Amino acid sequence: MFKVRVVVLALIVSLVSCKEEDKKTSKTSNNLLAMVQRDDQYGYINTAGEFIIKPQYPLARTFSNGLACINVGGSRNNPLVQGVVGGKYHFINTENEIQLNNFSSTSPTNFYNDVAFLTANDGSKELLNKKGEVIATGFSVLGNCEDGLIPAVKESEKKLGFIDTKGNWKIELPYKYFIGPYSEGLSAFTDTDTKLSGFFDKSGAIAIAPTYTSVSNFKDGLARVKTGTTYFFIAHDNKKAFERSFEFAGDFNEGLCAVQQIGKWGFINKKGELIIDFTDYVGVREFSNGLAAFKQKNGKVGYMDMTGKVIIEPLFDNGLNFKNGFAINEQNGKMGFINTTGKIVIEPKYTRVGDFVNPDDSNPVFKEN
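Residues numbered from 1 in each chain as written. Predicted model: local features only at pLDDT ≥ 70, side-chain atom pairs only at ≥ 80, totals over all residues. Heavy atoms only, no water.

Concerning the pairing of strand S15 (residues 196-200)
Consecutive side chains along a regular strand alternate between the two faces of the sheet.
Line of reasoning, step 1. Taken across its 5 residues, S15 has 4 buried, putting it largely inside the fold.
Line of reasoning, step 2. In the sheet, S15 pairs with strand S16 (residues 206-212) via 3 bridges, with the strands oriented antiparallel. Following the sheet pairing, Phe-199 is matched in S16 by Ile-208.
Line of reasoning, step 3. In this structure, the hairpin formed by S15 and S16 is closed by a connection of 5 residues, where Gly-204 is found at a positive phi of approximately 95°. (Buried < 20%, exposed > 50% of the residue type's maximum accessible area, 1.4 Å probe, protein only. Helix = DSSP H or I, 4+ residues; strand = E, 2+ residues; numbered from the N terminus. Pairing = 2+ DSSP bridges.)

Printed below as a string of structure tokens:
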């Protein structure tokens, strides 16, 4: 997988105006919105490139569950700090109206599956509901909410496990695991005593014993696991999905998975059959919307289809996964969007952008500032 400003490109979120004069009524039929940064200020555009909310704030998060977190009054002018210093964070809707009874906090956050996490002044984590109520406090760590369960650690009480969306402990585990969110009914964990990894089921029982050097979440019915220096795939019953193993592997998506052998990248199907032959790309991304980005040795990025045919010529300095029919691309340090035919639908003219998303979906954000 190639590592070229993925964090910068994918997950910077927009900030929006709270003034009536900044609203625009024109919207595309699909209502997708994307964050863009222009002149150190953030706003939201539709797929026609029209500003739905004028850029004028120093930081915000992408829309998720109908809300976006914005910063009011912060500054981006501190050369020693990447991102925003100061200000207050509020939640707005797509009409740019502050929600949750004018709730504010000092930390950026985002709703995902109808809960959000705050960082208190002492660095601990708090749980916020869609009413703007802080319903649980004092956590050292909170992970993404999946299947109504949130990975949680409360170091002050030596408690570890999963809480529900009301902050109640549903699964308590021995205080010796690293745990992650559930995926397909299983949660990957690492035993800190043995340094080996396995999976919990939704009752908190060990479903797959910790015998692997590392594991990834289940996706498309399979999980990538590692023993020694070799990667292979298992099914939910812990049986090998197929016999082949690899130097490295990604995750399955849309039925295919990127794998690496002798420094070259190819794609296999869920039977382990090589569908796209190994090629000396610098890196590849997973398939999304039927296309996968690849990076050539000259640094240029293009996209292939699920047969390996190049559909979008490698002309870009960077390109992310497609989402909702659009992919972020970068040229000469500026970012824009292409469609699945490779047509540049929004010229690369922004400093930072986020994916086009349905604002009402649960859209994860991975970068705070």
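Continuing now.
Thoughts on the sheet that holds strand S30 (residues 334-339)
Line of reasoning, step 1. Pairing within the open sheet is antiparallel, and its 4 strands lie in the order S28-S29-S30-S31. At either end of the open sheet lies a strand with only one pairing partner, and these are strand S28 (318-319) and strand S31 (344-350).
Line of reasoning, step 2. Here S28 runs beside strand S29 (residues 326-331); their pairing, made up of 2 bridges, is antiparallel. Its bridge partner being in S29, Asn-318 is matched across the sheet by Glu-330.

A short note on the environment of Asn-110
Line of reasoning, step 1. Turning to its location among the elements, Asn-110 is positioned in the loop between strand S5 (88-92) and strand S6 (116-119).
Line of reasoning, step 2. Look at Asn-110 and you get buried, because its relative accessible area is 10%.
Line of reasoning, step 3. With 93 residues separating them in the primary sequence, Asn-110 and Ser-203 have C-alpha atoms 28 Å apart.
Line of reasoning, step 4. Apart from residues no more than four positions distant in its own chain, Asn-110 is found in contact with Arg-61, Thr-62, Ser-64, Val-115, Ala-116, Phe-117, Asn-363 and Val-365. (Contact = heavy atoms within 4.5 Å.)

So, the packing of aromatic side chains
Line of reasoning, step 1. Scanning the model with the defined rule gives 19 aromatic pairs in all.
Line of reasoning, step 2. Measuring from ring centre to ring centre gives 4.7 Å for Tyr-44 and Phe-63, while their planes differ by 50°; the resulting arrangement is tilted. Linking Tyr-44 in strand S2 (residues 41-45) with Phe-63 in the loop between strand S3 (51-57) and strand S4 (68-72), this pair joins segments that are 19 residues apart in sequence.
Line of reasoning, step 3. What makes Tyr-44 buried here is its relative accessible area of 1%. (Phe/Tyr/Trp six-rings, centres within 6.5 Å; stacked < 30°, edge-to-face > 60°.)

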